[in-house]
Amino acid sequence: PNVGRQTASASPNLKGAWKIVEQSGRSPGGDWTVGATPYLSLYIFTDKHYSYMFAPGLAPRRLFAGDPNQPTDAEKVAAYNSFVAGSGTYTLTGSTLTLSAVLHKNPNEMIGHPLKYEVEILGSTLRMTIANPPFAPDLERRTVLARVE
């Protein structure tokens, strides 16, 4: 493991598997409000690609009541709303991490507008902060991840 504060410019430090340990949001300049840590999460960074998926909330995702291959329309909506996912390519320039989606749960986030985060790596902790993202307009969002591999 890395010791002390690391700069995010060393991309090998980003490579690996991570889990969310904190998500928070704020109005620009305001105090951070910490939300519930997702029930399950996984972020993976390779040399050039990323993939993430997480289940917001404190409990497991609800199973389909009947045939899992024939869920009801309501079950499909609930399943869609029970996770967040995206994958694609990334660049890391200094402390700016740019995620360019190739496949995303929300198709509107696959139209060529990359997400730009400011990142900080402190040992086995990765802090990602984004301002005015499409999923939280006019807010700042911070995700803190812990290395699992």
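Residues numbered from 1 in each chain as written. Predicted model: local features only at pLDDT ≥ 70, side-chain atom pairs only at ≥ 80, totals over all residues. Heavy atoms only, no water.

Peer 1: Quick question: what am I supposed to make of the pattern of salt bridges here?
Peer 2: As a working rule, side chains carrying opposite charge can pair if their charged atoms are close by. Within this structure, the stated rule accounts for 5 salt bridges. A salt bridge links Glu22 to Arg142, with the nearest nitrogen and oxygen atoms 3.3 Å apart. Here Glu22, found in strand S2 (residues 16-26), pairs with Arg142, found in strand S10 (residues 140-147); they are 120 residues apart in sequence, far enough to count as distant. Relative accessible area serves as the criterion here: at 24%, Glu22 is assigned to the partly exposed category. On the basis of relative accessible area, Arg142 is assigned to the buried category, the value being 15%. Here Lys76 ties to Asp73 by a salt bridge, and the two come within 3.9 Å at their closest N and O atoms. Taken together, the residues span about one helical turn, with Lys76 and Asp73 both in helix H1 (residues 73-81) at a distance of 3 residues. With relative accessibility at 60%, the residue Asp73 sits in the exposed group. (Salt bridge = Lys/Arg side-chain N within 4 Å of Asp/Glu carboxyl O. Helix = DSSP H or I, 4+ residues; strand = E, 2+ residues; numbered from the N terminus. Buried < 20%, exposed > 50% of the residue type's maximum accessible area, 1.4 Å probe, protein only.)

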